[in-house]
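# Working through the structure, step by step
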Amino acid sequence: MLKNNDSIEEFKRSLSATVKSIGKKEDLEINYVKENPSIAGNTINLTEPNIENLKYNLNYLRAEADSLALEFRLHSKEIHQSFINNDEFSNEILDALEQTRIEVKGSKEFKGIGQNIRNKHLQDLKKNRSNKSKDNLINAFRYVSYEELTNQKLSKENDKYRMIIKEKLKNNYSVFFNELKKHLNNQEKFTETILEKLEELGLLNKKNNNLDNEELNENEIDENQENNENENNSDDDTNDANIEMQSSKTDIEQALSVDKNEDMGDDSSDTETDYLPKIESLQKLENYKIYTNDFDEIVNADELCDSKELEKLRRNLDQQVFSFQPLIVKIANRLQRKLLAQQNRHWDFNMEEGYLDTSRLAKIIANPNTKLSYKVEREIEFKDTIVSLLIDNSGSMRGRPITVAALCSDILAKTLERCLIKSEILGFTTKAWKGGKSREIWIKNGKSSNPGRLNDLRHIIYKSADAPWRRSKKNLGLLLKEGILKENVDGEALSWAYKRLTNRQEKRKILVVISDGAPVDDSTLSVNPGNYLEKNLRDIIGEIEKNKNVELIAIGIGHDVSRYYSKAVTIMDVDQLGEVLLNQLSTIFSIK
């Protein structure tokens, strides 16, 4: 066993050194995960090797690492993001072809890498058994473009994909791939060529919504919702894509089938409570408006669920968080030591009681009549800090992502309380799919153009800063409740959390956002520019980071959010949670 472990560690060291060399960055961090290899900021997450895949799949691991290292070296995230739109399908084709461009360009520079990647594609082709037309078309673009751009044929398994592309492109087949070859070294021109072809083929749905020409009154909206319940999954493809561009299609269909039933049968959640607070410094942002905030609400978590159900949901969460109890203690102890180590200690001497002043023991020994001297440590406030956790409660977080978010929140809140640091846990979503009462009023008032944000916001307080963890811990169970997760307007939620922090007296304020991607609200985006909510989010993040009175950090659940936040980290699965928390908490709470 020891020999096997030594072999694995030696392989990891060798692979890490190779990846850093290819990536052309010495401070590049290499992390090993059990699934979903990816790039997150300055970190490359590689598949954790074991003795089995070292014996039988060594070259595949190498090719996987080579591909990610080439992406880090040859890919511009900024250029790529400038071409991303609201249509998930066309984005996946863009991603596939951009990865091919990277691999082909890198293979020309490094012949050994080229052979590794080719062997990886051969293995992947044998494993691909999808019958979904969309998956087949994405794979077809990926593998056929690899063949054409490298002038190397893959296996017979690629024949079906080649037929798909030839059927799509017809007489333009050679022209298209010749254009891609011409722009292989120019990412921007390469991507423009792809988008032009996708638009020509009708595969580029720029607006990605079905509401632009809707003429629905209140009764028609309800009727459409009832009809949607009876449609099968394949008929819902287009509508599902509007709900959340970050979520997988299966998650979206589950969200619709559950949440719409609850929305139609229960309007009690529309009860008005507090209105969202204004943030003067952030409300001045240009080109963003709210059609009406009359139906927005700020609500405590226990008001959205009865006590018995909340306790049951909390028990479900406890079953998953139980294995993290040793981790909680480890994090808290490490954080406590870090804070104490940086504390400046001050003493008052010549006191009547306290600790014996050992520096004067020599005088006492020399002259026993000398009076004993004591010292007392002064109390200083070195933990005057508050942390706010803002959790994305959108439909795309359904399932594993929201569970990871709940685990993160539970661990962080308990850990911070052990360190005498106050924390609050907040969530944000909407009260309905596709607009709610705000949209109904807009329709009745004649559907003015560019109305601004057009949905009813719901901001949830799971734990207030002054409430102890034991009193609020059951509220976190609400994160697992069906029907809570709907759409997400991140910008206004960030403003709300920021306002709460600025009203606090603590000297140091930290805001941690837990999200899985871009803001999406179908009702708003259908009648405003496609980047309306995303632009508002970027503007608000820019204002907060410029003000510097609140430290802003983002944790991406399964998605890289560094394109929005300057300080961001990505968690791909629960297995990464411990290491990420240990590293990030140590950095976040460093005393300045």
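Use the structure listed above.
For the structure given in this document, a descriptive report is provided here. For clarity, every value in this text was computed on a predicted model and none was experimentally measured.

## Some words on the overall build of the protein chain
When you go through the protein chain residue by residue, the secondary structure sums to 24 helices and 13 strands. Expressed as a percentage of its 592 residues, the buried residues of the protein chain come to 52%. Contacts in the protein chain between residues at least 24 apart in sequence constitute 75% of all its contacts with a sequence separation of at least 6. Accessible surface, the protein chain: about 28700 Å² in total, of which carbon and sulfur atoms supply 46%.

## Examining the packing of helix 6 (residues 111-127) against helix 7 (residues 133-150)
Packed helix pairs are characterised by how far apart their axes lie and by the angle those axes make with each other. At their nearest, the axes of helix 6 and helix 7 sit 12 Å apart, and the two run at 140 degrees to each other. For the crossing formed where helix 6 meets helix 7, the hand is left-handed. Where helix 6 abuts helix 7, its residues Gly114, Ile117, Arg118, His121, Asp124 and Leu125 lie against Arg142, Tyr143 and Tyr146. Taken together, the residues of the contact of helix 6 with helix 7 break down into four nonpolar, two polar and three charged.

## Concerning the sheet that holds strand 2 (residues 38-40)
On the basis of which strands lie adjacent, the open sheet formed by three strands has the order 1-3-2 and mixed pairing. Lying at the two open borders of the sheet, with one neighbouring strand each, are strand 1 (29-33) and strand 2. Going across the sheet, the axis of each strand differs from the next one's by a mean of 30 degrees, ignoring polarity.

## Considering the pairing of strand 3 (residues 43-47)
The buried fraction of strand 3 amounts to five of the five residues, a majority that puts the element mostly inside the structure. The sheet contact formed by strand 1 and strand 3 spans five bridges and is parallel. Opposite Val33, over in strand 3, you have Thr47 as the bridge partner. Linking two consecutive strands that pair antiparallel, namely strand 2 and strand 3, is a turn of two residues; a positive phi of about 65 degrees is found at Gly41 within it.

## Concerning the pattern of salt bridges
Counting across every chain of the model gives 27 salt bridges. A salt bridge links Lys422 to Asp466, with the nearest nitrogen and oxygen atoms 2.9 Å apart. Within this pair, whereas Lys422 is found in strand 9 (residues 422-430), its partner Asp466 is found in the loop between strand 10 (457-463) and helix 20 (469-472), the two being separated by 44 residues in sequence. Judged by its relative accessible area of 37%, Lys422 is partly exposed. Each of Lys422, Asp466, Arg504 and Glu506 takes part in one network of salt bridges that share partners.

## Quick word on the side chain of Glu506
Within the secondary structure, Glu506 is located in the loop between helix 21 (490-502) and strand 11 (508-515). Residue classification places Glu506 among the buried residues on the basis of a relative accessible area of 9%. A distance of 3.0 Å separates a polar atom in the side chain of Glu506 from a polar atom in the side chain of Arg504.

## As for the packing of aromatic side chains
Applying the stated criterion across every chain yields a total of four aromatic pairs. Relative to Phe177, the ring of Phe176 lies with its centre 5.1 Å away and its plane at 65 degrees, an arrangement referred to as edge-to-face. Put simply, the rings of Tyr173, Phe176 and Phe177 pair up and form one aromatic cluster.

## Things to note about the sheet that holds strand 12 (residues 551-557)
Read across the open sheet, the seven strands follow the order 4-10-9-8-11-12-13; overall the sheet is mixed. The strands lining the two open edges of the sheet, one partner per strand, are strand 4 (297-300) and strand 13 (568-571). Strand after strand, the sheet turns through a mean of 20 degrees between neighbouring axes, direction not considered. Contacting strand 4, strand 8 (385-392), strand 9, strand 10, strand 11 and strand 12, helix 21 runs over the sheet at an angle of about 155 degrees to strand 11.

## Some thoughts on unusual backbone geometry
Backbone geometry places Lys170, a non-glycine residue, at a positive phi of 55 degrees. In this fold, Lys170 is placed in the loop between helix 8 (159-169) and helix 9 (173-182). Positioned with a positive phi, Lys548 is a non-glycine residue whose angle comes to about 65 degrees. Mapped onto the elements, Lys548 comes out in the loop between helix 23 (532-547) and strand 12. Of the residues examined, Lys548 reaches a relative accessible area of 69% and is grouped as exposed.

## Structural notes on the environment of Arg315
Among the structural elements, Arg315 can be located in helix 15 (residues 307-321). Its relative accessible area of 48% is what places Arg315 among the partly exposed residues. The spatial distance from the C-alpha of Arg315 to the C-alpha of Gly477 is 7.8 Å, given a sequence separation of 162 residues.

## Quick word on the nonpolar core
Val19, Ile44, Leu46, Phe141, Ile165 and Phe177 are the most contacted members of the largest nonpolar core, which has 53 residues in total. The biggest single contributor to this core is helix 7, with eight residues. When near neighbours in sequence (up to four residues on either side) are disregarded, Ile44 contacts Val19, Leu28, Glu29, Ile30, Asn31, Ser38, Ile39, Leu68, Ala69 and Phe72. Formed by 40 residues, the second largest nonpolar core is a distinct cluster that contains Ala301, Leu412, Ile460 and Leu480.

## Topic: helix 23
Here helix 23 spans 23 Å end to end across 16 residues, near enough to the 22 Å set by a 1.5 Å rise per residue. Buried residues of helix 23: Tyr532, Leu533, Glu534, Asn536, Leu537, Ile540, Ile541, Glu543 and Ile544, and no others. Just beyond helix 23, the residue with positive phi is Lys548, at close to 65 degrees.

## Let's talk about the pairing of strand 10
In terms of residue burial, strand 10 counts as a mostly covered element, since seven of its seven residues are buried. Pairing geometry for strand 9 and strand 10, over six bridges, is antiparallel. Of the residues in strand 10, the one forming a bridge with Gly427 is Ile460.

## Re a nonpolar patch on the surface
A cluster of nonpolar side chains, Leu356, Leu361, Ile365 and Leu372, forms an exposed patch at the surface whose accessible area comes to about 360 Å². You can see Leu356 is positioned in strand 6 (residues 355-356). Since its relative accessible area comes to 35%, Leu356 is described here as partly exposed.

## Section: the side chain of Asp66
Tracing the chain through its elements places Asp66 in helix 3 (residues 58-74). Despite its burial, Asp66 pairs with no opposite charge; the closest candidate is Arg62, at 7.4 Å N-O. Of note is the side chain of Asp66, whose polar atom sits 3.0 Å from the side chain of Asn116.

Calculation notes
- Residues numbered from 1 in each chain as written.
- Predicted model: local features only at pLDDT ≥ 70, side-chain atom pairs only at ≥ 80, totals over all residues.
- Heavy atoms only, no water.
- Helix = DSSP H or I, 4+ residues; strand = E, 2+ residues; numbered from the N terminus.
- Buried < 20%, exposed > 50% of the residue type's maximum accessible area, 1.4 Å probe, protein only.
- Contact = heavy atoms within 4.5 Å.
- Areas by Shrake-Rupley, 256 points an atom, 1.4 Å probe, with all protein chains shown as cover.
- Axes fitted to C-alpha atoms, helices over the stretch in contact; angles between N-to-C directions.
- Left-handed = near helix turned anticlockwise from the far one by under 90°.
- Nonpolar A, V, L, I, M, F, W, Y, C, P; charged D, E, K, R; others polar.
- Pairing = 2+ DSSP bridges.
- Salt bridge = Lys/Arg side-chain N within 4 Å of Asp/Glu carboxyl O.
- Polar contact = N/O pair within 3.5 Å; in protein donor to acceptor, adjacent residues only side chain to side chain.
- Phe/Tyr/Trp six-rings, centres within 6.5 Å; stacked < 30°, edge-to-face > 60°.
- Core = buried A, V, L, I, M, F, W, Y, C linked by side-chain atoms within 4.5 Å.
- Expected span 1.5 Å × (residues − 1).
- Patch = residues over 30% accessible without salt bridge, like charges linked within 9 Å, V, L, I, M, F, W, Y side chains within 5 Å.
- Lys, Arg positive; Asp, Glu negative; His and termini not counted.

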